[in-house]
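Secondary and tertiary structure notes
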Amino acid sequence: MAGLLIGVLGIAGLFTLRALTPAMGELNLPNALQDLLTLSYSVIIESLPFVILGIVLSILVQVWVPDAWIIRVLPQNPVLRRMAISFLGMFLPVCECGNVPLARGLVAKGFTVSESMTFLIAAPILNPITIITTHQAFGFDDGILVARLLGGFAIANLIGWIYSRHPDQESLLTSRFAAECRVVDAAAARRSNGRKSVDLFAREAGVIMPALFIGAIIAGIVQVAVPRSVLVSLGSNPLWSILAMMVLAFVISICSNVDAFFILPFAGIFLPGSIATFLILGPIIDIKMLAMMRTTFRTSTLVQLTAVVSLMAALIGLVVNFVA
Amino acid sequence: MWRNVIRWNGIILVAVTIVSSLWLAVTGQLVLYIHPRYVIFTVTMAIIGLAFVLASFAMRADPGGDDDHDHDHDHGVGSDPLAELDPTLTGQDASSPARRRAALFATLGTALTLVIAFTLIVLPPATLSSATAGQRSINSTGVGSEIQSVDDAATATDGAFSAFTVLDWASLLRQTTDTSFYAEKPASMVGFIADHPDDSDNMFYLTRFVVTCCAVDAQPVGVPVYLENWRAEFAIDDWVQVDGEFGTNPSRASTEPIVLTVDDMVPVEQPAEPYLW
């Protein structure tokens, strides 16, 4: 009970502090600094519900779903299995920041690293909310929706296949996360499911939240520092427009569920292939996601992942520009 | 003490973000950061998260509980906080470079996130300013699908025109520069002042941000306003209501063909919902 009392008093103290500070008046920070903070807070506040949802789903998978149940219902053939995993997002529609804790939970539950990567890449694109919002924004015009769905599916399975050939998949993970998956905690096994759930929430929050905070502040700094006009001026060139959209996707770190609405106003300036590249790359690789994925994968793994995904997204964009 | 801060850092960051989000929602200011469609979802998940935070304190921080004992077994790495950060460091010499580096990064990372969390809880909420409007280039993109079309606007009543927002007028200005279209169509808009580079002493942009998801994706839209020597009474970032009509631009320094000429302009409070959706 003492712990609960500390928690209640701590939360009450935070509410009191939050309620009192506006009365102290404006700080009159320089505009650029104030906007940097507003942009960073926006990323954190927008991501929080998805992170919590992702952790809760991860808890359900790890603690409450019977062992090996998910593993058993998936096909045994590795290729078919990864293809099936690509569509898990249809049943677990969490945007990309929520998928990181969920993917960690799937590895802990018995997925191979390559299978978890397939899920991590495919789920933010192949999920009902993303499909509906992309269709609302673009319909079937210029093949943008089709390119996004097929592109996301193809890249997810390509990455899964490449890393399934790796002789030691565990070496792709950070040593801390690999150890967490490897070590059988005898004390934890004796605990109730409720206690396990709370422990898992605390552990995942301890890993994901610092990464989210640091990713958000870096995204804010880059957004304040890079003039948007530089990117927009490149819009009509078939190659440069794709590279500009890749930079924008990397910087903006926007949620895949609504990125189609964000990019819609750019459709009059940028070629369709570059829009498709933005919609494929953004949910997989951006500043915030790299910071969050670093909690799980080694830096060298993320460099390889970024290179392959960027090249594939650019190639798909070029094809769409050529065909559309 | 610092070891405990590092251990509880994630829960502290979740708690701070939840409290901040709930307070913003209760005071109607969550829309400064996210689209209104996400408010209910955010509040719902914040309440679920708050339950987990309180349960964490109840189960893991209770002196009578088994947290300390359990912690010795967590991840099988003992009670060494550095080993908890990176299990491969277990057993290494305390003065080894790898351990010192890990300790330094852990300390710096935790300190940085706590500083950000502190500012999140104490700084007054704020909307984006003219600095971001300029940095993102006003009207540099289209204006999305929810726009006024010239055909629809041509048959609108005076009452409808006076309800048009900065976004509505900006979308019409992108579609036509025919001055006869704008004749006898009264305009009344609220926005903030952002610099117009063509003739910055006599022109400015009346500006709003259009948000699709959160402040990160805010796109600045604006209508050019002509008012001689406007800086004598107003300043950049001031929120104002402007009444007037669109017509040929009197400024010789500007290439902007049509501007809003001012009949009346008064300072106003920043709207409760400063962004357009």
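The sections below set out a description of the structure shown in this document. Everything numeric in this text was worked out from a predicted model, so none of it was measured.

**A short note on a negative patch on the surface**
There is a patch of like negative charges on the surface, built from E184(B), E245(B), D263(B) and D264(B). Looking at the element boundaries, D263(B) is found in strand β5 (residues 258–267).

**Quick word on the packing of helix α11 (residues 193–225) of chain A against helix α2 (residues 39–60) of chain B**
Across the interface, α11(A) lies against α2(B) with an axial gap of 9 Å and an inter-helix angle of 110°. Of the possible angle classes, the one that applies to α11(A) and α2(B) is roughly perpendicular. Contact with α11(A), carried on its side by G194(A), R195(A), S197(A), V198(A), D199(A), F201(A) and A202(A), involves G49(B), F52(B), V53(B), A55(B), S56(B), M59(B) and R60(B) of α2(B) and no other residues of that element. Grouping the constituent residues of the contact of α11(A) with α2(B) by class yields 7 nonpolar, 4 polar and 3 charged.

**Here we look at the pairing of β5(B)**
Residues and elements named next belong to chain B. Here 2 bridges tie strand β3 (residues 219–226) to β5, and the two strands are oriented parallel to one another. By the bridge assignment for β5, Y226 is matched with T261. The pairing of strand β4 (residues 239–248) with β5 spans 9 bridges and is antiparallel. Along β5, the bridge assignment pairs T248 with I258.

**Some remarks on the packing of helix α1 (residues 2–26) of chain B against α2(B)**
All names here are of chain B. Contact pair α1 / α2: the axes reach a minimum separation of 9 Å and the direction vectors enclose 145°. Crossing angle aside, the handedness with which α1 passes α2 is left-handed. Residues R7, W8, I11, V14, A15, I18, S21, L22 and A25 of α1 form the contact with α2, whose own contacting residues are T42, V43, A46, I47, G49, L50, V53, S56, F57 and R60. Residue composition of the contact of α1 with α2, grouped by class: 13 nonpolar, 4 polar and 2 charged.

**Brief notes about the sheet that holds β4(B)**
All names here are of chain B. Taken together, the 5 strands give a closed barrel; going around it, the order is β1-β2-β3-β5-β4, and neighbouring strands pair in mixed fashion. Averaged over all adjacent pairs, the angle separating strand axes in this sheet is 60°, with direction ignored. Pairing of strand β2 (residues 203–210) with β3, which is carried by 8 bridges, proceeds in the antiparallel orientation. Residue pairing in the sheet places V210 in a bridge with Q219 of β3. Contacting β1 (187–195), β2, β3, β4 and β5, helix α9 (residues 166–175) runs over the sheet at an angle of about 75° to β3.

Conventions used here
- Residues numbered from 1 in each chain as written.
- Chains lettered and ligands numbered in written order.
- Predicted model: local features only at pLDDT ≥ 70, side-chain atom pairs only at ≥ 80, totals over all residues.
- Heavy atoms only, no water.
- Patch = residues over 30% accessible without salt bridge, like charges linked within 9 Å, V, L, I, M, F, W, Y side chains within 5 Å.
- Areas by Shrake-Rupley, 256 points an atom, 1.4 Å probe, with all protein chains shown as cover.
- Salt bridge = Lys/Arg side-chain N within 4 Å of Asp/Glu carboxyl O.
- Lys, Arg positive; Asp, Glu negative; His and termini not counted.
- Charge placed at Lys NZ, Arg CZ, Asp CG, Glu CD.
- Helix = DSSP H or I, 4+ residues; strand = E, 2+ residues; numbered from the N terminus.
- Axes fitted to C-alpha atoms, helices over the stretch in contact; angles between N-to-C directions.
- Parallel < 35°, antiparallel > 145°, perpendicular 65-115°, else oblique.
- Contact = heavy atoms within 4.5 Å.
- Nonpolar A, V, L, I, M, F, W, Y, C, P; charged D, E, K, R; others polar.
- Pairing = 2+ DSSP bridges.
- Left-handed = near helix turned anticlockwise from the far one by under 90°.

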